[in-house]
Amino acid sequence: MDGEAMTTHISDSGHTWQGVRRMSAADARSAILAAATRLFVHRGYRNVTVGDIAREAGTALPAVYAGAGGKAAILTTLIDEGSHDPIVEWTLDAVRACGDPGEVITLLVHGIRVDNERYEDLVRVMITAAALEDTARQTLDRSDQYYRQSLGVAAARLADLTALRPGLTAERATDILWFYLGHHSWRLCVSDQGWAWEEAERWLAEQVRAAVLGTAPGRAKGTAAGAGPGTLPCRA
């Protein structure tokens, strides 16, 4: 930070930044987004005002509007950043490079699991906000569209490998992938049913293999338990 030091203290809602003397525009924006995330998660989107975000970030109200916009714009920024997490592109690159259909599914499900686990709280906020505001609803729709497009990359790869079960098109395969791997399915397994993320990943991968590849449910070779960037189990 440029200038004098910044002191902090802990409040019931999280870390409140106080005593800010000087802050760069990028640092101020990061502080605003972090504060908004904490408040949205802990209080619920409906119960947070832009003034609350300014106080939590330790900045003035006009600075919030200038640096990040209003509450809906802040949520949109948070969702867009989550949608473009590096794990998304890593997963798609790995899928494109993989020549084994079963491992394509393994890589896809693992990457989606990591992304959903990382942004679990923010997804919950997004869904709640979408029921309250048109802008949030549009953000959710755009996020879901990008999500489905990413699933379409995997469906197209399986089609290129002539691995889809007979009569299944890439378009219908994308629909099936969305059914099993959309954020709603992870929420049902993990939040509603209390499954561990690893358990949900394993089970959903089995269902996808059976539905898309037409293989009997079971753990395929190369299942990405512990896989991640730098541990690509499949080479073209």
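Sequence order as written defines residue numbering, which begins from 1 separately in each chain. Whole-chain, interface and lining totals are the exception, using all residues; otherwise, since this is a predicted model, local features are given only for residues with pLDDT of at least 70 and side-chain atom pairs are given and counted only at 80 or more. Side-chain measures here rest on the full set of heavy atoms in the structure, leaving out hydrogens and waters.

Caption draft 1: Helix α11 (residues 197-213), seen in detail. Secondary structure elements are defined from DSSP: runs of H or I of at least 4 residues count as helices, runs of E of at least 2 residues count as strands, and each element is numbered from the N terminus. Each helix should span, by expectation, one fewer than its residue count multiplied by 1.5 Å. For α11, with 17 residues, the first-to-last C-alpha span of 23 Å sits near the 24 Å given by 1.5 Å per residue. Among the 17 residues of α11, 12 are classified as buried, and the element is accordingly described as predominantly covered. Exposed residues in this analysis have more than 50% of their type's maximum accessible area, buried residues have under 20%, and partly exposed residues fall in between, with area computed by a 1.4 Å probe over protein chains only. Buried within α11 are the following residues: Trp 197, Ala 200, Glu 201, Leu 204, Ala 205, Glu 206, Gln 207, Val 208, Arg 209, Ala 211, Val 212 and Leu 213. Looking at the buried positions of α11, the neighbouring elements they touch are α6 (101-118), α7 (120-130), α8 (134-160), α9 (170-181) and α10 (183-192). Among the residues trailing α11, Gly 214 stands out with phi positive, at a value near 75 degrees. By definition in these notes, contact holds between two residues if any of their heavy atoms fall within 4.5 Å.

Caption draft 2: Layout of the packing of α9 against α11. Lines fitted to the C-alpha atoms define the axes, with helices restricted to the stretch that makes contact. Angles between their N-to-C directions range from 0 to 180 degrees. Following both chains from N to C, one finds α9 and α11 inclined at 160 degrees, their axes separated by 10 Å at the closest point. On the basis of their axis angle, the class for α9 and α11 is roughly antiparallel. Viewed along their axes, α9 and α11 form a crossing whose handedness is right-handed. Two secondary-structure elements touch here, α9 through Ala 173, Ile 176, Leu 177, Tyr 180 and Leu 181 and α11 through Leu 204, Gln 207, Val 208, Ala 211 and Val 212. Gly is put with the polar residues, along with every residue not named as nonpolar or charged; the nonpolar set is Ala, Val, Leu, Ile, Met, Phe, Trp, Tyr, Cys and Pro, and the charged set is Asp, Glu, Lys and Arg. Its residues assigned to classes, the contact of α9 with α11 comprises nine nonpolar, one polar and no charged. Comment on the angle field: the value is read as roughly parallel under 35 degrees, roughly antiparallel over 145, roughly perpendicular from 65 to 115, and oblique elsewhere. Each crossing gets its handedness from the near helix: less than a right angle anticlockwise from the far helix is left-handed, clockwise is right-handed.

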